[in-house]
Amino acid sequence: MKIRKGGPADVPAMLGMFDSAVAWLTEQGRTGQWGSTPFSTDAARIESVTRRASEGDVRIAEIDGEPAGSIVVGAAMPYVTPAPEPELYVQMLVIDRRFSGRGVGAALLGWAREEAARRGVGLLRVDCYAGDDGRLVRYYESVGFSRTVEFVVGEWPGQVLEMRISPADS
């Protein structure tokens, strides 16, 4: 697996990753997280992914030269209260379902942890969908995050999680 810097040219691949995740979630009857409409056909989601690819710090994980996952880090999302200390926030993490079970998410989150340490930031945070069976929250806990604040946006239940970073993590 190779992790490389990404950007606006990666938007089609990133949208494809979201589309594969939405299709899989829909097949599971789990539409609460992102609905059932492919991101690549939703103007607002296309704009959101494009903006993040242009403004955020993007990394693309590749397996055998194919985009397998993407992460964007930066400031806290607008619906989350910023931390009272410097932080790096995972704004977006998505894995193409074709590469499920191959450690792509863990590798990208490992890069984010190392990036926080390189920047001298002691806090890495992420938020995620906390509905259905809570599987996504448990995934983040399995890679070292701890639950902090629960929140709701409209009817969407969310969970903020955090990870403390030490300089030794770099």
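Look above for the structure.
All of these numbers come straight from a predicted model, not from anything done at the bench.

*Asks:* Go over the packing of helix H1 (residues 11-27) against helix H2 (residues 43-55) with me, naming the residues and quoting the values.
*Replies:* Geometry of a packed helix pair, given as the angle between the helix axes and the separation of the axes. Direction vectors running N to C along H1 and H2 enclose 130°, while the axes themselves pass 10 Å from each other. Relative to H2, the element H1 lies oblique. Where H1 crosses over H2, the two elements pack in a sense that is right-handed. Contact with H1, carried on its side by Val11, Met14, Leu15 and Phe18, involves Arg45, Ile46, Val49, Thr50 and Ala53 of H2 and no other residues of that element.

*Asks:* Summarise the sheet that holds strand S1 (residues 2-5); cite the residues concerned and give the values.
*Replies:* Picture the strands of a sheet paired through backbone hydrogen bonds; they go either parallel or antiparallel. Overall, mixed pairing links the seven strands, which are arranged S1-S2-S3-S4-S5-S7-S6 in an open sheet. The open sheet has two free edges, formed respectively by S1 and strand S6 (146-153), since each of these has just one partner strand. Each neighbouring strand pair of the sheet contributes to a mean axis angle of 25°, computed without reference to strand direction. Bridging between strand S3 (residues 66-74) and strand S4 (residues 88-95) involves six bridges; their strand directions are antiparallel. Among the inter-strand pairings, Gly74 is bridged to a residue of S4, identified as Tyr89. The sheet strands contacting H1 are strand S2 (57-63), S3 and S4, and the helix crosses S4 at an angle near 70°.

Cut-offs applied
Residues numbered from 1 in each chain as written. Predicted model: local features only at pLDDT ≥ 70, side-chain atom pairs only at ≥ 80, totals over all residues. Heavy atoms only, no water. Axes fitted to C-alpha atoms, helices over the stretch in contact; angles between N-to-C directions. Helix = DSSP H or I, 4+ residues; strand = E, 2+ residues; numbered from the N terminus. Parallel < 35°, antiparallel > 145°, perpendicular 65-115°, else oblique. Left-handed = near helix turned anticlockwise from the far one by under 90°. Contact = heavy atoms within 4.5 Å. Pairing = 2+ DSSP bridges.

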